[in-house]
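Chain by chain, the residues run as shown.
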Amino acid sequence: SKVIDSSVLDASNLLASLPEQKRAGQDIVYEVHRFPTHGRLTLGGSDLPRDAPHFLQDDVARGNLEYNHDDSGASSDTFSFRVHLNPSGRTPQVQPGGVVLEEIFLISIRRRDSNPPELVTLDLLLEALQGSTTIISKNYLNTVDQDSTPDEVRFTISKIPANGYVIYTDSGDRINQFSQEDINTGRVAFVSDGSLSDGFMEFIVSDGKHQTDPYTLHIGILAKSLILNQAPEIHVRQGDDETLITEDMLSTSTGGPVEEDVLYKITNVPKYAAVMVDRQPTSAFTQKQIKQGRVSVRFVKSTSPRDSVAFVARSRAANVSSVLNITVKPLAKVAQNPLLPRGATVLVDRKLLDATPLANKTRTSPTFSMIQQPQGARFVKRGGPDDGQPVSSFTQRDLDEGRVALEILNTTGGQNAGGQGQDEARFLLKAHGVPPAECVLPFNVVPYDPSRAYGATLLTVPPVSTSDNSDPGQHEPMWREGEVASGSTTSTPVVSRRNTLWAILIPILVILLLMLLAALLAYYLVRRNKTGKHNVQTVAAKPKNGEVSQETFRKTDPANNIPMSNMDSKGADPELIQHCRTTNPALKKN
């Protein structure tokens, strides 16, 4: 059987014979005059009655008209008809003055199984979600066979997929063979075994007589979940223009043998920082771009030491969301857990805090602003009228000039079994043109021991008893006036009379050395001017006529003397001879 549709039978052009306003109420009526010889016409599944062989163009458009062959050996068949317009709802009859067309419809009949089935699918890649069931539709398996019905076209699986199996959806049974009709009705499905490995299914198509070459349907598995690995924080060094985001900082994978490309979509706009691809701000980037070193982050506002970026990482079938924390790392050297004696005062210098690298980069003196005071200590000013007063902020210049000290209180809270306690101070390190950074100075407080080396310069230390039986209230201090204790048995003064003496002598010695060099240089210049320059003759002014100017001579090499010879005066010009000198001039000194 074959449906006769509007692609092969259409008389809609008859409506053009009527005015446009009258076309809406007209039907296009076909009247069969001669029925097919080797088959029959059916309308809506029933044979077209011979006493009323009418059907409409709408029946053809809906696919209700069908030709059924009687399976004879004839190679062709025909039927004739006439077509005309008829008012809707009335008995079909030719209207007076109406246009009537008479035609013969030709039908070509091919022998059964004369042509092999042909696979016309364009998409031979089935993508299935990990562990799920996916219908195999006509988009993946579709054949065309002019002389076979869909249920006669059979698919036979020659190689089953390694990542799943094929079933009937209504029964759940595993199958190795199915028909095109099963595909058209959605009865065939692929079931993933839960692995992430890709696979393929090899099959052949047959109509009972002809068989095609093997075809391959590739089956790709899409991960249903993503594995996110990220660092707790991304540190942007203070003063750096940008910091690359590496795979160690942020990576998302499916965990399978074949990785899918993951897209990161930023869901909130950061306030102080910016994520960039190829140094341009962006709202999305991929894992591939991270691997290529094209994704970076930078702070665009110098007002906060931290920021966060919320994002969603997406693959083709899964997604995961998270927050990326970005923190400014201080460009400074901070001592880590130095030992400081309880009850002592230590000098806060570059041993404890050193923001010189930041100062060199910004060409300013960075400022340490206190955001958390230590529990068992306090920072105080050193020297000047405010000596010993608490301080909440200070600069690197203050540290270099020794104007900040740390007083360790003589308390016993927070100690462990060995008398050691932990404490810390938190600062906000600021400098012009760079974002601030939070830095932490942790330190351990221990009982004072003169024989122990400490991690800072000690300005004062607590008194130590001279003997175990002595009065606890009588102690001898461990330093003299003008000196400071170093924290060991050998005293190393930081500010002493000896240091002060050298501070005075060194500039004086430098000045004396410069004066000596200047005197030597002056002596050399004076001696050189008195000696003069040899073998140099200064051109004197030209004397006037009749005047004899002072003659100057210079020493000559005897080897360059020109021998004198007598000149014969014969033939000489008398006027020239009278001008010739006949006596030797008297040579003056030098």
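What counts and how
- Residues numbered from 1 in each chain as written.
- Predicted model: local features only at pLDDT ≥ 70, side-chain atom pairs only at ≥ 80, totals over all residues.
- Heavy atoms only, no water.
- Helix = DSSP H or I, 4+ residues; strand = E, 2+ residues; numbered from the N terminus.
- Buried < 20%, exposed > 50% of the residue type's maximum accessible area, 1.4 Å probe, protein only.
- Contact = heavy atoms within 4.5 Å.
- Areas by Shrake-Rupley, 256 points an atom, 1.4 Å probe, with all protein chains shown as cover.
- Core = buried A, V, L, I, M, F, W, Y, C linked by side-chain atoms within 4.5 Å.
- Phe/Tyr/Trp six-rings, centres within 6.5 Å; stacked < 30°, edge-to-face > 60°.
- Lys NZ or Arg CZ within 6 Å of the ring centre and 35° of its normal.
- 1 Å grid on protein atoms, 1.4 Å probe; cavity = no way out; pocket = protein on both sides within 12 Å on 5 of 7 lines; lining within 4 Å.
- Points joined across faces, edges and corners; volume = space filled by probe spheres on them.
- Nonpolar A, V, L, I, M, F, W, Y, C, P; charged D, E, K, R; others polar.
- Pairing = 2+ DSSP bridges.
- Axes fitted to C-alpha atoms, helices over the stretch in contact; angles between N-to-C directions.
- Salt bridge = Lys/Arg side-chain N within 4 Å of Asp/Glu carboxyl O.

As for the overall build of the protein
So, step 1. In terms of regular secondary structure, the protein is built from 7 helices and 40 strands.
So, step 2. By residue count, 35% of the 590 residues in the protein fall in the buried class.
So, step 3. Taking contacts inside the protein between residues at least 6 apart in sequence as the whole, the part at least 24 apart equals 67%.
So, step 4. Here the protein displays about 36700 Å² of accessible surface, and carbon together with sulfur accounts for 50% of that area.

Re the nonpolar core
A general tendency of soluble globular proteins is for nonpolar side chains to be buried together.
So, step 1. Counting 36 residues, the largest nonpolar core has Leu353, Phe368, Phe379, Phe394, Leu406, Phe427 and Leu441 as its most contacted members.
So, step 2. Counting only elements with at least two residues in this core, the list comes to strand 34 (367-372), strand 35 (377-381), strand 37 (404-408), strand 38 (421-430) and strand 39 (437-446).
So, step 3. In terms of residues, this core owes the most to one element, strand 39, which gives 5 residues.
So, step 4. Val153, Phe178, Ile183 and Ala223 belong to the second-largest nonpolar core, a separate cluster that totals 24 residues.

So, the packing of aromatic side chains
So, step 1. For the structure shown, the criterion picks out 15 aromatic pairs.
So, step 2. The interplanar angle of 10° and the centroid separation of 4.9 Å between the aromatic rings of Tyr30 and Phe55 together place this pair among those described as stacked. In this pair, Tyr30 is assigned in strand 2 (residues 26-34) and Phe55 in strand 5 (residues 54-56), connecting sequence segments 25 residues apart. In this pair, the class of Tyr30 matches that of Phe55, namely buried.
So, step 3. Where Phe368 meets Phe394, the ring centres are 5.6 Å apart and the plane angle is 25°; that geometry is what we call stacked. Note that Phe368 is positioned in strand 34 and Phe394 in strand 36 (residues 393-395), a separation of 26 residues in sequence.
So, step 4. Of the aromatic side chains, those joined through ring pairs into one cluster are Tyr30, Phe55, Phe79, Phe81 and Phe105.
So, step 5. For Arg174, the ring lying beneath its charged end belongs to Tyr165, and the centroid distance is 3.7 Å.

Some words on empty space enclosed by the protein
So, step 1. In this structure the tally under the stated criterion is 1 cavity of 30 Å³ or more.
So, step 2. Ile245, Ile266, Val275, Phe285, Val309, Phe311 and Leu324 are the residues that line the largest cavity.
So, step 3. Of the residues contributing to the lining of the largest cavity, the split by class is 7 nonpolar, no polar and no charged.

A short note on the layout of surface pockets
So, step 1. Considering only enclosed or pocket space, the largest pocket measures out at about 1300 Å³ in volume.
So, step 2. For the largest pocket, the lining is made up of 37 residues, of which Ser1, Lys2, Arg110, Gln146 and Asp147 are closest to its centre.
So, step 3. Those elements that provide at least two residues to the lining of the largest pocket are strand 1 (2-3), strand 6 (65-69), strand 8 (100-108), strand 12 (143-144) and helix 2 (180-184).
So, step 4. Taken together, the residues of the lining of the largest pocket sort by class into 12 nonpolar, 14 polar and 11 charged.

Re the sheet that holds strand 37
So, step 1. With respect to topology, 4 strands assemble into an open sheet ordered 35-37-32-40, the strand pairing being antiparallel. The open sheet has two edge strands, strand 35 and strand 40 (457-460), and neither has a second partner. The average angle at which neighbouring strand axes cross in this sheet is 35°, direction not considered.

A short note on the sheet that holds strand 2
The strands making up a sheet associate through hydrogen bonds between their backbones, and the pairing can be parallel or antiparallel.
So, step 1. Pairing within the open sheet is antiparallel, and its 4 strands lie in the order 5-2-7-8. Only two strands of the sheet have a single neighbouring strand rather than two, namely strand 5 and strand 8. Averaged over all pairs of adjacent strands, the angle between strand axes in this sheet comes to 35°, irrespective of strand direction.
So, step 2. Note: strand 2 against strand 5, 3 bridges, orientation antiparallel. Note that in strand 5 the partner of Val29 across the bridge is Leu56.

Topic: unusual backbone geometry
It is generally the case that most residues other than glycine have a negative phi and that most peptide bonds are trans.
So, step 1. Its identity as a non-glycine residue notwithstanding, Arg279 has a phi of 65°, on the positive side.
So, step 2. Mapping Arg279 onto the fold places it in the loop between strand 24 (273-277) and strand 25 (280-281).
So, step 3. On the basis of relative accessible area, Arg279 is assigned to the partly exposed category, the value being 49%.
So, step 4. Of note, the phi angle at Asn337 is positive, near 55°, even though the residue is not glycine.
So, step 5. Here Asn337 is to be found in the loop between strand 30 (333-334) and strand 31 (339-341).
So, step 6. Under the relative-accessibility criterion, Asn337 is labelled partly exposed at 41%.

Thoughts on the side chain of Thr345
So, step 1. Inspection of the secondary structure assignment puts Thr345 in strand 32 (residues 345-347).
So, step 2. Among the residues examined, Thr345 registers a relative accessible area of 16% and is labelled buried.

Describing the environment of Gln372
So, step 1. Note that Gln372 resides in strand 34.
So, step 2. With relative accessibility at 34%, the residue Gln372 sits in the partly exposed group.
So, step 3. Sequence separation between Gln372 and Arg426 is 54 residues; the distance between their C-alpha atoms is 4.9 Å.
So, step 4. The contact partners of Gln372, leaving out residues within four places of it in the chain, are Glu424, Ala425 and Arg426.

Let's talk about the pattern of salt bridges
So, step 1. Scanning the entire structure with this criterion turns up 21 salt bridges.
So, step 2. For Asp354, the salt bridge goes to Arg350, with nearest N and O atoms at 3.9 Å.
So, step 3. We classify Asp354 as buried; its relative accessible area is 9%.
So, step 4. Across the pair Arg350 and Asp400 runs a salt bridge whose closest N-O atoms are separated by 2.9 Å. Placement of Arg350 in the loop between strand 32 and strand 33 (353-354) and of Asp400 in helix 5 (residues 396-400) is noted, with a sequence separation of 50 residues between them.
So, step 5. Here the salt bridges share partners, and the residues they tie into one network are Asp241, Glu242, Arg279 and Arg298.

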